[in-house]
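Chain and residue survey
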Amino acid sequence: MSKFIRLAQADPAAAAAAPPPPDPSAGMGMPATDPGMALGMPPMGGGMGAPTAGGAAGPTQTTSSTTLKFPLENMGMILKDANVEKLLAETFSSSKNEGTNSEEELANKIWQEYGGDKFGGVSPGKLGERVPKKEVDDKEVEATDDCKWKRLPAGKNLDDLDITLEDMVNSIKAISFGISKAKSKEAPAGGGGGLMASIKHHRRMVRLSETLDNLGFHDLSDKIIPII
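Read on for a plain summary of the structure. (Residues numbered from 1 in each chain as written. Predicted model: local features only at pLDDT ≥ 70, side-chain atom pairs only at ≥ 80, totals over all residues. Heavy atoms only, no water.)

**Describing the layout of surface pockets**
Size it by volume and the second largest pocket reaches roughly 220 Å³. What lines the second largest pocket is a set of 13 residues, among which Thr67, Asp81, Ala82, Asn83 and Lys148 lie closest to the centre. Tallied by class, residues from the lining of the second largest pocket come to 3 nonpolar, 4 polar and 6 charged. (1 Å grid on protein atoms, 1.4 Å probe; cavity = no way out; pocket = protein on both sides within 12 Å on 5 of 7 lines; lining within 4 Å. Points joined across faces, edges and corners; volume = space filled by probe spheres on them. Nonpolar A, V, L, I, M, F, W, Y, C, P; charged D, E, K, R; others polar.)

**Brief notes about the pattern of salt bridges**
Scanning the entire structure with this criterion turns up 6 salt bridges. Salt-bridge contacts for Asp81 lead to Arg151; the nearest nitrogen and oxygen are separated by 2.7 Å. In this pair, Asp81 is assigned in helix H3 (residues 75-81) and Arg151 in the loop between helix H6 (138-143) and helix H7 (165-184), connecting sequence segments 70 residues apart. With a closest N to O distance of 2.8 Å, Lys109 and Glu113 form a salt bridge. Of this pair, Lys109 and Glu113 both sit in helix H5 (residues 102-113), separated by 4 residues, roughly a single helical turn. Classification of Lys109 by relative accessible area gives partly exposed; the value is 42%. Owing to a relative accessible area of 23%, Glu113 belongs among the partly exposed residues under this scheme. Linked by salt bridges that have partners in common, Lys109, Glu113 and Lys148 make up one network. (Salt bridge = Lys/Arg side-chain N within 4 Å of Asp/Glu carboxyl O. Helix = DSSP H or I, 4+ residues; strand = E, 2+ residues; numbered from the N terminus. Buried < 20%, exposed > 50% of the residue type's maximum accessible area, 1.4 Å probe, protein only.)

This is how it looks when you write it as structure tokens:
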């Protein structure tokens, strides 16, 4: 007598109650927005970046270097264009700069490159030439390497953008301090300082992170977060 094996059948009621198959893209950590936005970078495709210290939004950087190809409308854009992080690294790579006013000297250098004078004022004749929201080409970037004030918005100077030398010094000091804290990976000061010292350290790191975000240095700000 032949033996028949009956295949198991799914219970129709159980199948109806079963949840729908998961979306293949769900749960894989894929961002809902542009991947760059999750990293604090401007959106791809010519969008506008995050607000900076001057209150204006910075256009997307489309070049592989730090030199920006849009009008430099605020402090953050100017410091990024000047490659301030690299300059700070070079400035403090030598022990001879320890204890000096190198940050102030660097601020003065950048200030004069972008239209300021050596006395902390603004040179009236050094006006920007870039058309708002219009991207320039590599030829323009090369042509303005020795006259970087021309990278500001057309007809405007540092004074028109409400940027002062003091603001620039303080911004560079914040970036410098942020770099040093990110490298040291120090935990909040507890130990001998007690609870109040830890709270003060936390507040200081929060302010630093917010300052770096406002300047558009989002990657550096993100490195400060774990320290808080």
